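Topology and contacts: notes
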Amino acid sequence: MSEFKIEQMEQEVEEMTSLCFLTKDNAVFSRTEGGFVSLEYDGKKWERVQVIRLFPFTDPNRYISIRTVEERSKEIGVIENMGNVSKETRKMLEEQLRLHYFTPIIEKILDIKDEYGYAYFHVMTDRGECRFTINMGGNAVVRLTDTRLLITDLDENRFEIPDVLKLSQKEQRKLDLFL
């Protein structure tokens, strides 16, 4: 009995630590009727998969993880380079990535107010005017470089300021109070 458990555990560890590369030769991606992406790989079919960047800021077109959709998702495989899949597949996966990583660019800071540990932003983005709130005590603002910021609001929506130096002096002063 214990020998079976050890074998099962070893198999589970092997599955968790193995890395499978998906290419146009071994994986078939398709769109479902509902608009989701499905995958056929290694004799198995997943009706819906998640598409996640492993290095979203430093290498966004390489190392794309394909995962199951349940809450504790499991990695099915990795696309080492988007050039390793067909044009149709690349288009489908890039669409999924745009949805997952929807990140409006903040072009202008109209106002920021601080109240009871929260900062209330009123900004103009490349997608239009927007209002959102961040928790001042959390990790809502992350410096990606000296001038590039990623801001995550209370609903986990992401906003980016590619270069704070391109903001006006007045906007930079408003922002400095919350960094």
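So, a few notes on the structure that sits alongside this text. (Residues numbered from 1 in each chain as written. Predicted model: local features only at pLDDT ≥ 70, side-chain atom pairs only at ≥ 80, totals over all residues. Heavy atoms only, no water.)

Some words on the overall build of the protein chain
Counted only if it meets this: For the purposes of this entry, the term helix denotes a DSSP run of H or I that reaches at least four residues, the term strand denotes a run of E that reaches at least two, and both are numbered from the N terminus. For the radius of gyration, the atom set is restricted to C-alpha positions; the globular benchmark scales as 2.2 Å times the number of residues to the power 0.38. Working definition: with a 1.4 Å probe on protein chains only, accessible area under 20% of the residue-type maximum means buried, over 50% means exposed, and in between means partly exposed. Exposure was quantified through the Shrake-Rupley algorithm and a 1.4 Å probe, taking into account, for residues, occlusion by the shown protein chains and nothing else. His is not counted, nor are the chain ends; Lys and Arg add positive charge and Asp and Glu add negative charge. Here the site of a charge means NZ on Lys, CZ on Arg, CG on Asp, or CD on Glu.
A tally of regular secondary structure across the protein chain gives 3 helices and 12 strands. Its C-alpha atoms give the protein chain a radius of gyration of 21 Å, clearly above 16 Å, the size a compact globule of 179 residues would have. Its C-alpha atoms give the protein chain principal-axis dimensions of roughly 65 × 45 × 30 Å. Scored against the burial criterion, the 179 residues of the protein chain give a buried share of 31%. For the protein chain, the exposed surface amounts to about 12,200 Å²; the carbon and sulfur share of it is 48%. For the protein chain, the centre of its 26 positive side-chain charges and the centre of its 33 negative side-chain charges are spaced 7 Å apart.

Describing the sheet that holds strand 3 (residues 44-46)
This is how the line gets drawn: Any two strands between which DSSP finds at least two bridges are classified as paired. Whenever a helix is involved, its axis is fitted only over the stretch in contact; in every case the axis is a line through C-alpha atoms, and angles between N-to-C directions fall within 0 to 180 degrees. Note on contacts: a residue pair qualifies if any of its non-hydrogen atoms lie within 4.5 Å across the two residues.
Within the open sheet, the 3 strands sit side by side as 1-2-3. Their pairing is antiparallel. In this open sheet, the two strands that pair with only one neighbour each are strand 1 (27-31) and strand 3. Pairs of neighbouring strands in the sheet enclose a mean axial angle of 15°, with direction left out of account. Sheet analysis places strand 1 next to strand 2 (residues 37-41), joined by 5 bridges and oriented antiparallel. Its bridge partner being in strand 2, S30 is matched across the sheet by S38. Packing against the sheet, helix 2 (residues 87-100) makes contact with strand 1 and strand 2, and its axis sits at approximately 60° to strand 1.

Section: the sheet that holds strand 11 (residues 149-152)
Each strand in a sheet pairs with another by means of backbone hydrogen bonds, the pair being arranged parallel or else antiparallel. Taken in spatial order, the 3 strands of this open sheet run 10-11-12, and their pairing is antiparallel. Two strands close off the open sheet at either side, each with one partner strand: strand 10 (141-143) and strand 12 (158-161). For this sheet the average axis-to-axis angle between neighbouring strands, irrespective of direction, equals 20°. When strand 11 meets strand 12, the two strands line up antiparallel, connected through 4 bridges. From the neighbouring strand, I151 faces strand 12, where its bridge partner is F159.

Quick look at the pattern of salt bridges
Condition: By definition here, a salt bridge exists when the distance from a side-chain nitrogen of Lys or Arg to a carboxyl oxygen of Asp or Glu is within 4 Å.
Taken as a whole and assessed by the stated rule, the structure comprises 4 salt bridges. The salt bridge partner of E95 is R31, with a shortest N-O separation of 3.1 Å. One end of the pair, E95, is in helix 2; the other, R31, is in strand 1, with 64 residues separating them in the sequence.

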